[in-house]
Amino acid sequence: MLKKKVEDILNAQIEKEGYSSNLYLAMASWAETNGYSGIAQWLYVQADEERLHMLKIVKYVNERGGHAVIPSFKEAPKEQKSITDLFKAVLEHERYITDSINNIVALTLEEKDFTTQSWIQWFVNEQIEEEAQVTEILDKLKLLGNNNLYLFDRDILGMRGDVGGNSGA
Ligand SMILES: [Fe+2]
Ligand SMILES: [Fe+2]
């Protein structure tokens with residue numbers, strides 16, 4: 001049975017993962033309507049992954065005798081200034097999520113909930129991958145400046161290690 005504090009922090013994380021999904025979906029839609037179909041595709045896949053993260057927590061909370069609550073989500077920004085700004089915002093958001101996952105780890109230790117502590121490690125590792133992947137994208141964009149975004153848009157899907165949905169989520 002989950003302790004109330006652990007249930008609450010996991011419910012808060014459900015909201016964050018769900019918002020992440022909507023955020024990337026909104027970015028995908030912006031990219032698609034601005035001619036960046038490859039980047040849009042990358043973001044659509046990312047949005048799906050975030051939804052799976054949310055579901056993973058929903059299932060866990062319910063399996064452990066808690067009640068996963070599905071909240072409403074605040075509206076994600078409709079517009080982006082540029083592709084570089086978009087990916088900077090993705091990295092900033094992922095860092096925020098990493099902090100949030102770390103706070104869950106800390107609470108599980110405080111509450112001596114070693115089952116959840118072990119289960120949440122999957123998210124700890126996922127965040128390492130996500131930050132690394134977006135950092136790599138930003139490094140490439142820095143090299144390109146604002147040139148050759150056409151080629152970048154074509155090549156970005158090749159930068160996913162898990163094209164084809166093999167993300168283990
Ligand atoms: Fe996530
Ligand atoms: Fe993420």
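These numbers were taken from a predicted model, which means no experiment stands behind them.

Rules used throughout
Residues numbered from 1 in each chain as written. Chains lettered and ligands numbered in written order. Predicted model: local features only at pLDDT ≥ 70, side-chain atom pairs only at ≥ 80, totals over all residues. Heavy atoms only, no water. pLDDT = per-residue confidence, 0-100. Contact = heavy atoms within 4.5 Å. Donors = N, O, S within 2.8 Å, 3.2 Å for Na, K, Ca; no water. Tetrahedral: all angles 85-135°; square planar, octahedral: opposite > 155°, others 65-115°. Helix = DSSP H or I, 4+ residues; strand = E, 2+ residues; numbered from the N terminus. Salt bridge = Lys/Arg side-chain N within 4 Å of Asp/Glu carboxyl O. Buried < 20%, exposed > 50% of the residue type's maximum accessible area, 1.4 Å probe, protein only. Phe/Tyr/Trp six-rings, centres within 6.5 Å; stacked < 30°, edge-to-face > 60°. Lys, Arg positive; Asp, Glu negative; His and termini not counted. Polar contact = N/O pair within 3.5 Å; in protein donor to acceptor, adjacent residues only side chain to side chain. Axes fitted to C-alpha atoms, helices over the stretch in contact; angles between N-to-C directions. Parallel < 35°, antiparallel > 145°, perpendicular 65-115°, else oblique. Left-handed = near helix turned anticlockwise from the far one by under 90°. Nonpolar A, V, L, I, M, F, W, Y, C, P; charged D, E, K, R; others polar.

### Some details on the confidence of the model for the protein chain
- Residue-level pLDDT values for the protein chain average 93, and 95% of them are 70 or greater.
- Note that pLDDT drops below 50 for residues 163-169; the model gives that stretch nine contacts with residues more than four away or on any other chain.

### Topic: the coordination of the iron ion (ligand 2)
- Around the iron ion (ligand 2), the protein supplies E50 (OE), E94 (OE), E94 (OE) and E130 (OE) as donor atoms, at distances of 1.8 to 2.5 Å.
- Its four donor atoms give the iron ion (ligand 2) angles of 53 to 148° at the centre, a pattern that matches the irregular case.
- Separating the iron ion (ligand 2) from the iron ion (ligand 1) is a gap of 3.3 Å, which E50 spans by donating to each of them. Of the two residues, E50 is situated in helix 2 (residues 37-63) and E94 in helix 3 (residues 83-110); the sequence distance between them amounts to 44 residues.

### Concerning the pattern of salt bridges
- Using the criterion set out here, one finds six salt bridges in the structure.
- With its nearest N and O atoms 2.7 Å apart, the salt bridge here joins K4 to D8. Within this pair, K4 and its partner D8 are both found in helix 1 (residues 4-33), separated by four residues, close to a single helical turn.
- One salt bridge in this structure joins E75 and K78, with 3.0 Å as the shortest N-O distance. With respect to burial, E75 and K78 carry one shared label: exposed.

### Re the packing of aromatic side chains
- Tallying each qualifying case throughout the model produces six aromatic pairs.
- With 5.4 Å between their ring centres and 70° between their planes, W42 and F87 make a pair best called edge-to-face. With W42 in helix 2 and F87 in helix 3, this pair connects stretches of sequence that are 45 residues apart.
- Looking at F87, the relative accessible area reads 0%, which means it is buried.
- With centroids separated by 5.0 Å and ring planes inclined at 80°, the aromatic side chains of W122 and F123 adopt a geometry described as edge-to-face.

### Thoughts on the side chain of E7
- Note that E7 resides in helix 1.
- Buried charge without a partner: E7 forms no salt bridge, and the closest opposite charge is K4, 5.5 Å away.
- Within the local environment of E7, its side chain forms a polar contact with the backbone nitrogen of H67, the two atoms lying 2.9 Å apart.
- Other than its neighbours up to four places away in sequence, E7 contacts L2, V61, G66 and H67.

### Here's the deal with the packing of helix 1 against helix 2
- Relative to each other, helix 1 and helix 2 sit at 165°, their axes nearing to 8 Å. Between helix 1 and helix 2, the interaxial angle falls into the category roughly antiparallel. Remark: the crossing between helix 1 and helix 2 carries left-handed chirality.
- Residues belonging to the contact of helix 1 with helix 2 are distributed by class as follows: 17 nonpolar, seven polar and five charged.

### A few points about the coordination of the iron ion (ligand 1)
- All of the protein donors around the iron ion (ligand 1) are E17 (OE), E50 (OE) and H53 (ND1); their distances to the metal are 2.1 Å.
- Between the donor residues of the iron ion (ligand 1), the gaps in sequence give the motif E-x32-E-x2-H.

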